[in-house]
Amino acid sequence: MQLIDTHTHLDFPDFDADRPALLAASRALGVRQMVVLGVYRDNWQRVWDLVQSDPDLHAALGLHPVYLQQHGAEDVLHLRDWLTRLAGHRQLCAVGEIGLDYYLPELDRERQQTLFEAQLALAAEFERPALIHVRRSHAAAIATLKRLANPRAGIIHAFAGSYEEAREYIKLGFKLGLGGAATWPQALRMHRVLAKLPLDAVVLETDSPDMAPAMYPGQRNSPAHLPAICEALAGIMAVTPERLAEASTANARELFNW
């Protein structure tokens, strides 16, 4: 069973003590490729240095809405410079992590929207998928994505919306990122949604070191947990783990042109 972890933050200090061993352990479990996402300007170089150390790691660079207070208007220009410099590089796979977060009240929604739209424009310009954070903001995100179409679409990270919202994203060409949150027994609404999702619309992810699955409560999440996440989600979706792994891997490879 081969898997691709489409959303990690392996550059975070949480992994500094054992990163090489963790990568080796993940690969031994079948997790062959991993995407590492940048979230603010000052960590892009760290992300890029990490992926350059390993041919099976891929980078996405973006300005995450949760770090809104750290972003300046000039950071979009710097992102454009990075995308220009790395255009065509096989290890740059997407623009992200970008998006909208309405959960945290201190995050100005107008500023988020402006930043989101600017980065979506860059994703379209450089013909890269967008890896999108959407928290309590599906209506605004869907409306924005309808206005600013990108032929490469992307992934809705940690999807936890309704089936109707899932259908809207799928119609726009997006894949839905599924990970540890949906494995928890109390995620009943999400379980009902998962049972109806088409396999060609999903990809698997961990969001390491965050969003630990129910099997590893309170632990640091990692790509090594992805096989267990796949098994748990497959049970909810009434397919075999092998079938879900095959579909997710094929969907990720198609999305990223791997």
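Keep in mind it's a predicted model, so treat the numbers as computed, not measured. (Residues numbered from 1 in each chain as written. Predicted model: local features only at pLDDT ≥ 70, side-chain atom pairs only at ≥ 80, totals over all residues. Heavy atoms only, no water.)

**A closer look at the overall build of the protein chain**
Move 1: Across its full length, the protein chain carries 9 helices and 8 strands.
Move 2: For a compact globule of 258 residues, the expected C-alpha radius of gyration is about 18 Å, and the protein chain comes in at 17 Å, within 12% of that figure.
Move 3: Considered along the principal axes of its C-alpha atoms, the protein chain spans approximately 45 × 40 × 35 Å.
Move 4: Of all 258 residues assigned to the protein chain, the portion counted as buried reaches 55%.
Move 5: The contacts of the protein chain with a sequence gap of at least 6 include a subset with a gap of at least 24, amounting to 73%. (Helix = DSSP H or I, 4+ residues; strand = E, 2+ residues; numbered from the N terminus. Rg over C-alpha atoms; globule rule 2.2 N^0.38 Å. Buried < 20%, exposed > 50% of the residue type's maximum accessible area, 1.4 Å probe, protein only. Contact = heavy atoms within 4.5 Å.)

**Examining the side chain of S248**
Move 1: Within the secondary structure layout, S248 lies in helix α9 (residues 241-256).
Move 2: The exposure class assigned to S248 is buried, which follows from its relative accessible area of 1%.
Move 3: Those residues in contact with S248 that lie beyond four places of it in its chain are V202, V203 and L204.

**Topic: the pattern of salt bridges**
Move 1: Evaluation of the coordinates by the stated rule reveals 12 salt bridges.
Move 2: Across the pair R220 and D18 runs a salt bridge, and its minimum N-O distance is 2.9 Å. Of this pair, R220 sits in the loop between β8 (202-204) and α8 (226-237) while D18 is found in the loop between β1 (3-8) and α1 (19-28), placing the two residues 202 residues apart along the sequence.
Move 3: The exposure class of R220 is partly exposed, given its relative accessible area of 30%.
Move 4: Here E168 makes a salt bridge to K146, at a shortest N to O gap of 2.9 Å. Of this pair, E168 sits in helix α6 (residues 163-171) while K146 sits in helix α5 (residues 138-147), placing them 22 residues apart in sequence.
Move 5: Through salt bridges that share partners, D16, R19 and R46 make up one connected network. (Salt bridge = Lys/Arg side-chain N within 4 Å of Asp/Glu carboxyl O.)

**A word on the packing of α5 against α6**
Move 1: Axis separation between α5 and α6 bottoms out at 10 Å; the angle between their running directions is 20 degrees. What the angle tells us is that α5 and α6 run roughly parallel. Viewed along their axes, α5 and α6 form a crossing whose handedness is left-handed. Here H138, A141, I142, L145 and K146 of α5 come into contact with α6, specifically with E165, E168 and Y169.
Move 2: For the contact of α5 with α6, the per-class residue count stands at 4 nonpolar, 1 polar and 3 charged. (Axes fitted to C-alpha atoms, helices over the stretch in contact; angles between N-to-C directions. Parallel < 35°, antiparallel > 145°, perpendicular 65-115°, else oblique. Left-handed = near helix turned anticlockwise from the far one by under 90°. Nonpolar A, V, L, I, M, F, W, Y, C, P; charged D, E, K, R; others polar.)

**Remarks on the pairing of strand β4 (residues 92-101)**
Move 1: With 10 of 10 residues buried, β4 is to be regarded as a mostly interior element.
Move 2: Note: strand β3 (residues 57-61) against β4, 3 bridges, orientation parallel. Bridge pairing in β4 links A60 to A94.
Move 3: In the classification by handedness, the crossover that spans β4, the intervening helix α4 (residues 109-125) and the parallel strand β5 (residues 130-135) is right-handed. (Pairing = 2+ DSSP bridges. Right-handed = clockwise from strand over helix to strand, strands pointing away.)

**Details of the sheet that holds β8**
Move 1: Ordered by their spatial adjacency, 8 strands build an open sheet running β1-β2-β3-β4-β5-β6-β7-β8, and the pairing between neighbours is parallel. Of all the strands in the sheet, just β1 and β8 have a single pairing partner and so form its edges. The sheet shows a mean angle of 30 degrees between the axes of neighbouring strands, direction not considered.
Move 2: Pairing of β4 with β5, which is carried by 5 bridges, proceeds in the parallel orientation. For L100, the partnering residue across the bridge sits in β5 and is V134.
Move 3: Packing against the sheet, helix α2 (residues 44-52) makes contact with β2 (31-37), β3 and β4, and its axis sits at approximately 160 degrees to β3.
Move 4: Sitting on the sheet, α9 touches β1, β2, β4, β5, β6 (154-157), β7 (175-178) and β8, and the angle it makes with β8 is about 100 degrees.

**Digging into a positive patch on the surface**
Move 1: The grouping of R167, R189, R192 and K196 at the surface amounts to a positive patch.
Move 2: Structurally, the position occupied by R192 is in helix α7 (residues 188-194).
Move 3: By relative accessible area, R192 is classed as exposed at 55%. (Patch = residues over 30% accessible without salt bridge, like charges linked within 9 Å, V, L, I, M, F, W, Y side chains within 5 Å. Areas by Shrake-Rupley, 256 points an atom, 1.4 Å probe, with all protein chains shown as cover. Lys, Arg positive; Asp, Glu negative; His and termini not counted. Charge placed at Lys NZ, Arg CZ, Asp CG, Glu CD.)

**Notes on the nonpolar core**
Move 1: Core analysis: the biggest nonpolar cluster contains 68 residues, and L10, I132, I156, Y169 and L244 have the highest contact counts within it.
Move 2: The element contributing the most residues to this core is α8, with 6 residues.
Move 3: Here Y169 is in contact with V134, H138, A141, I142, L145, I156, F159, F174 and L176, once residues within four sequence places are set aside.
Move 4: Counting 12 residues, the second-largest nonpolar core is a separate cluster that includes I4, C93, A94 and I155. (Core = buried A, V, L, I, M, F, W, Y, C linked by side-chain atoms within 4.5 Å.)

In short, geometric facts, not functional conclusions.
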